[in-house]
Amino acid sequence: MTVSLKVFSMGRLPDIPSTFLGNGLEIDPETGDYNFVAQFLLGEKRIPSFHFSFAKYRRSEENLKRFFVDFCGFKVVPADPDMSMDEFARQIGVDDATLLSADLHPRTKLWSDVAYMDDEIRIQLGQLGGHYVMVRTDRPMYSIEYWKDKSIAPPTAVFART
């Protein structure tokens, strides 16, 4: 199924045809990072890409099953670490590579309730009606490291099991 990249970025990134392949949620409890990294095929040429949704989370002391997620921004990068951002932009049909990232000011603030959680699985019910089932993996937290150092090249095997 192909939809617009704009849909996956709360309207902040360009209107580019996007085929969603898979995603992961990466959480760092020490920093509160709560980032999504997704794999897409972008543009008419279907260029392999990574889409980051950067966020922070915080708990509610009044309701320990609820937590809040503050979305900070979005960025799309090529899955090919050797492709420059300018070439990537051209390949997906964008004139200006700076349009492939956006900071959110003010941050978009949403919440989720944890319906079930054990050591391997968590089921969340989102404020806007989404249901999320997450399974713990041993994959590296690429978006967490990218947030700290934006020069880190995307790994090519992050979504080998999509």
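Residues numbered from 1 in each chain as written. Predicted model: local features only at pLDDT ≥ 70, side-chain atom pairs only at ≥ 80, totals over all residues. Heavy atoms only, no water.

> What is the right way to read unusual backbone geometry from this model?
What is expected of a backbone is that most residues other than glycine have negative phi and most peptide bonds are trans. Put simply, His105 and Pro106 share a cis peptide bond, and its omega is -5°. Here Pro106 shows up in strand β6 (residues 101-117). Positive phi outside glycine occurs at Met10, with the angle close to 50°. Within the secondary structure layout, Met10 lies in the loop between β1 (2-4) and β2 (17-28). For Met10, a relative accessible area of 32% translates into the label partly exposed. Here Arg46, not a glycine, exhibits a phi torsion of approximately 55°, which is positive. Along the chain, Arg46 turns up in the loop between β3 (33-42) and β4 (47-59). (Helix = DSSP H or I, 4+ residues; strand = E, 2+ residues; numbered from the N terminus. Buried < 20%, exposed > 50% of the residue type's maximum accessible area, 1.4 Å probe, protein only.)

> Looking at this model, I keep getting lost on the pairing of β6. Mind explaining?
Residues in a regular strand project their side chains so that they alternate between the two faces of the sheet. Bridging between strand β5 (residues 66-78) and β6 involves nine bridges; their strand directions are antiparallel. Residue pairing for β6: Phe67 is matched across the bridge by Ser112. Here five bridges tie β6 to strand β7 (residues 121-126), and the two strands are oriented antiparallel to one another. Bridge pairing in β7 places Ser112 opposite Gly126. (Pairing = 2+ DSSP bridges.)

> Explanation requested: the side chain of Thr19 in the structure shown.
Within the element layout of this structure, Thr19 appears in strand β2. Owing to a relative accessible area of 10%, Thr19 belongs among the buried residues under this scheme. In this structure the side chain of Thr19 is engaged in a polar contact, spanning 3.0 Å, whose partner is the side chain of Arg46. Ignoring any residue separated from it by four or fewer positions in sequence, one finds Thr19 in contact with Met1, Thr2, Gln39, Phe40, Leu41 and Arg46. (Polar contact = N/O pair within 3.5 Å; in protein donor to acceptor, adjacent residues only side chain to side chain. Contact = heavy atoms within 4.5 Å.)

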